[in-house]
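# Residue-level structural notes
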Amino acid sequence: MQKTFRKTVALTDAQIKRLQQLSELDGKDPLIHVRAAIDQYLKKQNFDLMLPNQESITAKFTGRVEDENITRAIWASGVVDRYEFSALVLHEPTKLGIDRGRISKLSIWDPIIKENSKNFIDSCIVNYDRGWDIRPSKIAQPYFDAVKSLLNNSFSL
C-alpha cells in the first residue's frame, strides 16, 4: 500500500521546465518523474544510523563566565563528542528551567554544519531557551543527557 505525504515542495522554474520537457519526451505524467527522482535519491542514502552508546559519550567544559546581568548565573561552554554546547546555569531552580531546574538556556550544535550553513539554529540538535525550540531526538538524547548531567553536577553557585 502506498503512503501519501501531504507536504508541499516548491520547485524552481528550471526544475518545472525540465519536468515538462521530460513529460513531453516520454508522455508520462511529471509526477512519475518526481517519484522516480525521490526513489533514486533514497536508494543512495545510508539509513544505518546507530544510536550512540551513552557510556562512550564524554562532555567537558571549554569555558565558563559569570553573567553580568543575572546574579550568580554562569554561562558555560563545552564539547560533547563532536558537538559543542553553551548553557546558562542559574543559582536557583526556576519554573522556566529544563525540568524546572537551574538550566535556563542550552544549545547543542554541530560546528561543521554551523560553519557550512552560516546558520546557528540549522546546526542545533538541541535548543532550549526558557522553553523547547528543538527537543532532543532519539539520536541527540544521549548527548543532551551527558551535557545536562555535567551541568547539574558541576556548579555550586
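So, a few notes on the structure that sits alongside this text. (Residues numbered from 1 in each chain as written. Predicted model: local features only at pLDDT ≥ 70, side-chain atom pairs only at ≥ 80, totals over all residues. Heavy atoms only, no water.)

### Focus on the pairing of strand β1 (residues 59-66)
- Burial runs low along β1: only 0 of the 8 residues are buried.
- With 7 bridges connecting them, β1 and strand β2 (residues 74-80) associate as antiparallel partners. The residue bridging G63 from the neighbouring strand is S77, located in β2. (Buried < 20%, exposed > 50% of the residue type's maximum accessible area, 1.4 Å probe, protein only. Helix = DSSP H or I, 4+ residues; strand = E, 2+ residues; numbered from the N terminus. Pairing = 2+ DSSP bridges.)

### Side note on helix α2 (residues 30-44)
- Taking 1.5 Å per residue, 15 residues should reach 21 Å; α2 reaches 22 Å between its end C-alpha atoms and fits that length.
- At the N-terminal boundary of α2, the capping side chain belongs to D29, with an oxygen 3.0 Å from the backbone nitrogen of L31. (Expected span 1.5 Å × (residues − 1). Polar contact = N/O pair within 3.5 Å; in protein donor to acceptor, adjacent residues only side chain to side chain.)

### Quick notes on the pattern of salt bridges
- Enumeration according to the criterion identifies 5 salt bridges in this entry.
- The shortest N-O distance in the salt bridge between K105 and D129 comes to 3.7 Å. Taken together, the residues K105 in strand β4 (residues 103-109) and D129 in strand β5 (residues 124-129) connect sequence positions 24 residues apart.
- Given a relative accessible area of 36%, D129 falls into the partly exposed group.
- Here D129 ties to R130 by a salt bridge, and the two come within 3.4 Å at their closest N and O atoms.
- By relative accessible area, which is 44% here, R130 ends up partly exposed.
- Several salt bridges share partner residues, and in doing so they unite K105, D129 and R130 into one network. (Salt bridge = Lys/Arg side-chain N within 4 Å of Asp/Glu carboxyl O.)

### Some details on the sheet that holds β2
- In space, the 6 strands of this open sheet follow the order β1-β2-β3-β4-β5-β6, with antiparallel pairing throughout. Looking at strand neighbours, the two that pair on one side only are β1 and β6 (132-134), the edges of this open sheet. Taking each pair of neighbouring strands and ignoring which way they run, the sheet shows an average axis angle of 15°.
- Bridge analysis of β5 against β6 gives 2 bridges, and the strand direction is antiparallel. Residue pairing for β6: N127 is matched across the bridge by I134.
- Packing of helix α5 (residues 141-154) onto the sheet brings it into contact with β1, β2, β3 (83-89), β4, β5 and β6, and relative to β4 it is tilted by some 140°. (Axes fitted to C-alpha atoms, helices over the stretch in contact; angles between N-to-C directions. Contact = heavy atoms within 4.5 Å.)

### Some details on the packing of helix α1 (residues 13-26) against α2
- Relative to each other, α1 and α2 sit at 115°, their axes nearing to 9 Å. Accordingly, the angle class assigned to the pair α1 and α2 is roughly perpendicular. Every pair of crossing elements has a handedness; the one defined by α1 and α2 is right-handed. Contact with α1, carried on its side by L19, L22, S23 and D26, involves P30, H33 and V34 of α2 and no other residues of that element.
- Class assignment of the residues belonging to the contact of α1 with α2 gives a composition of 4 nonpolar, 2 polar and 1 charged. (Parallel < 35°, antiparallel > 145°, perpendicular 65-115°, else oblique. Left-handed = near helix turned anticlockwise from the far one by under 90°. Nonpolar A, V, L, I, M, F, W, Y, C, P; charged D, E, K, R; others polar.)

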